[in-house]
Amino acid sequence: RRVLGLAGPPSPRPNSFFVSLTQPRVTDLVPLLPEVCLGCDALELRADLLADISPASLAADIALLRRHAPGCALIFTLRGTSEGGKFAGKDADYANLCAIAARAAVDFIDVEVDRPQATLDAVLAAAGTTTAIIGSHHDFHRTPTGGELDLDALMRKCALGGKAAIAKLV
C-alpha cells in the first residue's frame, strides 16, 4: 500500500528505538536481520556507507530490507562529510538519491537541515505524503553549554516549518 501511495508513513512512537545498518553491502546483513530486528522499531540504512549507491543498487537494497525485515520501519540516511558521513556528492545527487529512496517507499528520510533550501525543498517534494521526514542537525565540533545556543531556534529549524515528523539534534 505504501509503495502505491495508498498509505502514509508510520507515526513515530514514544520509547521506540532503531538499529543503524553500517555495513557496505546489505546482502551481508540479510542472515543477521531476524535477530537484529527483534524488538526493533526501525532500521536506519546509512546509504553513505554503502559500497554502491547507484540508483539501481540503492533501490535493490531497500527492496531487500523490505523483504527480510517486514516488521521494521525503514529510515534512509545519506550523511554528508560535513555531517559525519561519507557522502561527498553534489546537492542535486543527494536530492536524487533521497527521491529514489522515497519512491522505494522508505518510511523516513533523515535530512540534514543545514543543506541549501533548494535541496531541502526537493527532498520534501519527493517525500510527498508517503515518506516522513526527520530533520537533523549535527555539530561534532563543539558541545554547547549554558546560554550559548538557542535550542528552541535549532529545534524549530529541525522541524522544517512543521514538515518534519521528528526533529533530531546531535
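Placed above this text is the structure.
Described below are features of the structure shown in this document. Please read these numbers as outputs of a predicted model, since none were measured by experiment.

### Brief notes about the packing of helix H2 (residues 55–68) against helix H3 (residues 91–103)
If you want to describe how two helices pack, look at the angle between their axes and the distance between the axes.
Stage number 1. For the pair H2 and H3, interaxial distance at closest approach is 9 Å and the crossing angle is 35°. Note that H2 runs across H3; the crossing there is right-handed. Contacts from Pro55, Leu58, Ala59 and Ile62 in H2 reach Leu97, Ile100 and Ala101 in H3.
Stage number 2. Of the residues that constitute the contact of H2 with H3, the class distribution is 7 nonpolar, no polar and no charged.

### Quick notes on the packing of H3 against helix H4 (residues 117–127)
Stage number 1. Their axes nearest at 9 Å, the elements H3 and H4 cross at an angle of 10°. In terms of orientation, H3 lies roughly parallel with respect to H4. Viewed along their axes, H3 and H4 form a crossing whose handedness is right-handed. Across from Asp91, Tyr94, Ala95, Cys98, Ala99 and Ala102 in H3, the residues of H4 making contact are Thr119, Ala122, Val123, Ala126 and Ala127.
Stage number 2. The residue makeup of the contact of H3 with H4, split by class, is 9 nonpolar, 1 polar and 1 charged.

### So, the nonpolar core
Stage number 1. In terms of nonpolar packing, the biggest core is built from 41 residues, with Leu43, Leu58, Phe76 and Ile133 touching the most fellow members.
Stage number 2. Of all the elements in the fold, those that place two or more residues in this core are strand S2 (42–46), H2, strand S3 (73–77), H3, strand S4 (108–112) and H4.
Stage number 3. Leaving out residues up to four positions away in the same chain, leucine 43 has contacts with Val19, Leu21, Leu33, Val36, Cys37, Leu65, Ala69, Cys72, Ala73, Leu74 and Ile75.
Stage number 4. Core analysis: the next-biggest nonpolar cluster, separate from the first, contains 6 residues, Ala42, Ile75, Ala132 and Ile134 among them.

### Overview of the packing of aromatic side chains
Stage number 1. What the rule picks out here adds up to 1 aromatic pair.
Stage number 2. Judged by centre distance (6.3 Å) and plane angle (50°), the ring pair of phenylalanine 87 and tyrosine 94 falls under tilted.
Stage number 3. Given the relative accessible area of 8%, phenylalanine 87 is considered buried.
Stage number 4. Owing to a relative accessible area of 0%, tyrosine 94 belongs among the buried residues under this scheme.

### Observations concerning a nonpolar patch on the surface
Stage number 1. Together, Leu151, Met155 and Leu169 line one region of the surface with nonpolar side chains, adding up to about 240 Å² of accessible area.
Stage number 2. The topology assignment puts leucine 151 in helix H5 (residues 151–159).

### Topic: the pattern of salt bridges
Stage number 1. Evaluated as defined, the whole model comprises 9 salt bridges.
Stage number 2. Measuring nitrogen to oxygen at the nearest pair gives 3.4 Å for the salt bridge that ties arginine 79 to glutamate 112. In this pair, arginine 79 is assigned in the loop between S3 and H3 and glutamate 112 in strand S4, connecting sequence segments 33 residues apart.
Stage number 3. By relative accessible area, which is 2% here, glutamate 112 ends up buried.
Stage number 4. Put simply, aspartate 110 and lysine 168 hold a salt bridge, and the shortest N to O gap is 2.7 Å. Of this pair, aspartate 110 sits in strand S4 while lysine 168 sits in strand S6 (residues 166–169); the two residues are 58 residues apart in sequence, bridging distant segments of the chain.

### Overview of the sheet that holds S6
Stage number 1. Spatially, 6 strands are ordered S1-S2-S3-S4-S5-S6 in an open sheet, and the strand pairing comes out parallel. Only two strands of the sheet have a single partner each, and these edge strands are strand S1 (18–21) and S6. Strand after strand, the sheet turns through a mean of 25° between neighbouring axes, direction not considered.
Stage number 2. Across 5 bridges, the pairing between S4 and strand S5 (residues 132–137) is parallel. Residue phenylalanine 108 lies in a different strand from S5, and its bridge partner there is alanine 132.
Stage number 3. Strands S5 and S6 of the sheet are contacted by H5, whose axis makes an angle of about 130° with S6.

The rules behind each value
All residue numbers refer to position in the chain's written sequence, counted from 1. Totals for whole chains, interfaces and linings use all residues, but because this is a predicted model, local features are given only for residues with pLDDT of at least 70 and pairs of side-chain atoms are given and counted only at 80 or more. The side-chain numbers reported here are obtained from all heavy atoms of the structure, hydrogens and water having been left aside. Helix axes are fitted to C-alpha atoms over the stretch in contact, other axes to C-alpha atoms as well, and angles between N-to-C directions run from 0 to 180 degrees. Each helix corresponds to a stretch of at least 4 residues labelled H or I by DSSP, and each strand to a stretch of at least 2 residues labelled E; elements are numbered beginning at the N terminus. Crossing handedness follows the turn of the near helix against the far one: under a right angle anticlockwise gives a left-handed crossing, and clockwise gives a right-handed one. Only heavy atoms matter for contacts: two residues are in contact if any of them lie within 4.5 Å across the pair. Each residue receives one of three labels: charged for Asp, Glu, Lys and Arg, nonpolar for Ala, Val, Leu, Ile, Met, Phe, Trp, Tyr, Cys and Pro, and polar for the others, Gly being one of them. Our angle categories are set so that under 35 degrees counts as roughly parallel, over 145 as roughly antiparallel, 65 to 115 as roughly perpendicular, and the remainder as oblique. Side-chain atoms within 4.5 Å link the members of a nonpolar core, which is a set of buried Ala, Val, Leu, Ile, Met, Phe, Trp, Tyr and Cys residues. Burial status follows relative accessibility: with a 1.4 Å probe on protein chains alone, a residue under 20% of its type maximum counts as buried, one over 50% as exposed, and anything between as partly exposed. Any two rings among Phe, Tyr and Trp, with Trp reduced to its six-membered ring, count as a pair given centres within 6.5 Å; such a pair is stacked if its planes are under 30 degrees apart, edge-to-face if over 60, and tilted if neither. A patch consists of residues exposed above 30% relative accessible area that lack any salt bridge, with like charges linked at up to 9 Å and nonpolar side chains (Val, Leu, Ile, Met, Phe, Trp, Tyr) linked at up to 5 Å. In these tables, accessible area is a Shrake-Rupley quantity obtained with a 1.4 Å probe, and a residue counts as shielded only by the protein chains included in the view. Within this document, salt bridges are pairs made up of a side-chain nitrogen of Lys or Arg and a carboxyl oxygen of Asp or Glu, the two lying within 4 Å of each other. A pair of strands is labelled paired if DSSP reports no fewer than 2 bridges between them.

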